[in-house]
Amino acid sequence: MSKHQKLRLASPLTAVTALCAALTAPLAQAATIEVLHAFVPATCNQPLGNPLRQPDGTLYGTCYSGGVNGSGIAYRLNPDGQFILLHEFDNSFQSEDGKLPISTLVMAPDGRLWGATHEGGELGVGTVYSLTTGGTFTLGFSFDTPTTGSGPEGNLAIDSAGVLYGNNYEGGGGKSHGTAYSYSTTTGAQTTLARYTTALGPISPTNGLTLGPDGMLYGAAADPHRGGNGELFRMNRDGSGFQQLALFKRTTSGAQPRYGVTVLADGTVYGVNTTDGAAGKGAIYRWRSSDGLTVMHTFTGGTSDAEQPNSVLTQGADGALYGTSRFGGANGTRNGGTVYRMALDGSFSLVRSFNATDAVGFEPTGGLTLGDDGNLYGVTNHSASDEYAGGAIFRIVP
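Criteria and cut-off values
Here the residue index of a chain counts from 1 through its sequence in written order. This being a predicted model, a pLDDT of at least 70 is required before a residue's local features are given, and a value of 80 or more before pairs of side-chain atoms are given or counted; all residues contribute to the totals for chains, interfaces and linings. The side-chain quantities take in all heavy atoms of the structure and omit both hydrogens and water. The distinction between a cavity and a pocket rests on a 1 Å grid over the protein atoms alone: a 1.4 Å probe fits inside a cavity but cannot get out, while a pocket stays open yet meets protein on both sides within 12 Å along at least five of seven lines, and a residue with an atom within 4 Å of a point counts as lining. Grid points are joined across faces, edges and corners, and a volume is the space filled by probe spheres set on the points. Each helix corresponds to a stretch of at least 4 residues labelled H or I by DSSP, and each strand to a stretch of at least 2 residues labelled E; elements are numbered beginning at the N terminus. Residues were grouped as follows: Ala, Val, Leu, Ile, Met, Phe, Trp, Tyr, Cys and Pro as nonpolar; Asp, Glu, Lys and Arg as charged; and all remaining residues, including Gly, as polar. Working rule for contacts: check all heavy atoms of both residues, and any pair within 4.5 Å makes them a contact. The term salt bridge refers to a pairing of a side-chain nitrogen on Lys or Arg with a carboxyl oxygen on Asp or Glu at a separation within 4 Å. Three exposure classes are used, based on accessible area relative to the maximum for each residue type with a 1.4 Å probe and protein chains only: buried under 20%, partly exposed in between, and exposed over 50%. Put simply, two rings from Phe, Tyr or Trp (the six-membered ring, in Trp's case) pair if the centres are within 6.5 Å, and we call them stacked under 30 degrees between planes, edge-to-face over 60, tilted for the rest. Note on geometry: a ring has a charge over it if NZ (lysine) or CZ (arginine) is within 6 Å of the ring centre and within 35 degrees of the ring normal. Only when DSSP finds a minimum of two bridges between them are two strands counted as paired.

Student: Tell me what's going on with the layout of surface pockets, and back it up with residues and numbers.
Tutor: Computed from the structure, the largest pocket encloses a volume of approximately 1400 Å³. Lining the largest pocket are 50 residues, with Asn50, Thr104, Asn155, Val312 and Gly366 positioned closest to its centre. Going through the elements one at a time, strand 2 (52–53), strand 7 (106–107), strand 11 (150–158), strand 15 (210–211), strand 19 (262–263), strand 24 (314–315) and strand 28 (362–370) are the ones with two or more residues in the lining of the largest pocket. The biggest single contributor to the lining of the largest pocket is strand 28, with 8 residues. Split into classes, the residues belonging to the lining of the largest pocket amount to 21 nonpolar, 23 polar and 6 charged.

This is the structure in structure tokens:
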């Protein structure tokens, strides 16, 4: 587990009966929610990433822990609801496998699935790996702390040529506190794009990079020497042209940018800060080249708002932005969480509140995936039957 994460660790559990029947409940925008698969604790704990959906309806995803080795799994959920265990990660410190898959899976042009693990590999400090859709595992690259950085964090971005882009939380040599890297899925070439230092600005990123429509890479990270609250930045895909776009202010735009950013087709950047802001419970911000940083929503918590946003934002079929939160909603600050919607003009509403008796589980995490069917797909981190168990894969139908 990385140093900054506050997730509860799994404890030894007995298996629970999988809940495969759909649950339908009235939601704010006349939406429904359906349980597609309920995780069994022995198989999956902490499903951190949003699932990857293919046009035929197949979903692919990872769980940070669980499996026979306790070090995480990769899975496939077929359109008929059949759950397939694709890979169980190794728990040894140094191996030809990874440990603790941290990223959502992406699909390369050749049809292989790619992801990153926070630990494991030949030096024990993280990997980039691939899987076929049938589950054949290949170790792509093992990181090392002094040169390439270590402890991959957040999701991977991928371009049309099959090049992956990501962040490491630490390492990189000298005074570095993490790195930005690229990895070619066709040639196997790994490149360190940037070393995060206090001189550069951001350090120890806890999220990945986002590929914008201008071809640049966007990200957000802590910045202890420029106010300490974090900054928004971008760079070229070869690591050149690093630009600081905005500095966050704890009392207004919030702090701790733990999750990635979303860049719309017009180049507008949206993101969340997990804590602080005017009400102390996080904020949604917007950045445009024309007018800079704007706070679009201040989270206030309670039963009518979200608290502690815990995902990158996803643009829905209606053009609005959707996200998840750890707390807030009808159940307040314990065993709850929300899915929320924000229109581009800042209009905000709760789509779904979760609670500990909900068959879909509680504390949605990792964000949402927009399917080509117009529906949103996500996961909950905890089960209704046991708060330390993996939750469920769900679908929200607007």
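Continuing now.
Student: Go over the environment of Asn78, please, and point to the residues and values.
Tutor: As for its placement among the helices and strands, Asn78 is situated in the loop between strand 4 (73–77) and strand 5 (83–88). Dropping the residues within four chain positions of it, Asn78 is found in contact with Thr58 and Ile84.

Student: Outline the pattern of salt bridges, listing residues and values.
Tutor: Overall, the coordinates contain 14 salt bridges when judged by the stated rule. A salt bridge links Asp110 to Arg112; the nearest nitrogen and oxygen atoms lie 2.8 Å apart. Judged by its relative accessible area of 23%, Arg112 is partly exposed. Connected through salt bridges with shared partners, the residues Arg53, Asp372 and Asp373 form a single ionic network.

Student: Provide a residue-level description of unusual backbone geometry, including the pertinent values.
Tutor: For Asp276, which is not glycine, the phi dihedral falls at a positive 65°. Judged by relative accessible area, Asp276 falls into the buried class, the value being 19%. Although it is not a glycine, Glu363 sits at a positive phi angle of roughly 55°. When you line up the elements, Glu363 lands in strand 28.

Student: Kindly report on the packing of aromatic side chains, identifying the contributing residues and their values.
Tutor: Taken as a whole and judged by the stated rule, the model has 17 aromatic pairs. Taking 6.4 Å as the distance between ring centres and 45° as the angle between the ring planes, the aromatic pair formed by Phe141 and Tyr183 counts as tilted. Separated by 42 residues along the polypeptide, Phe141 in strand 10 (residues 137–142) and Tyr183 in strand 13 (residues 179–184) bring together distant segments of the chain. Judged by relative accessible area, which is 18%, Phe141 ranks as buried. With a relative accessible area of 5%, Tyr183 lands in the buried category. Among the aromatic residues, those joined into a ring-pair cluster are Trp114, Phe141, Phe143, Tyr181 and Tyr183. Over the aromatic face of Phe354 sits the side chain of Arg352, whose NZ or CZ is 5.3 Å from the ring centroid.

Student: Please set out the sheet that holds strand 2 residue by residue, giving values where relevant.
Tutor: Read across the sheet, 4 strands follow the order 2-3-4-5 without closing on themselves; strand pairing throughout is antiparallel. With one partner strand each, in any of the chains shown, strand 2 and strand 5 form the two edges of the open sheet.

Without other data, these values stay purely geometric and don't point to any function.
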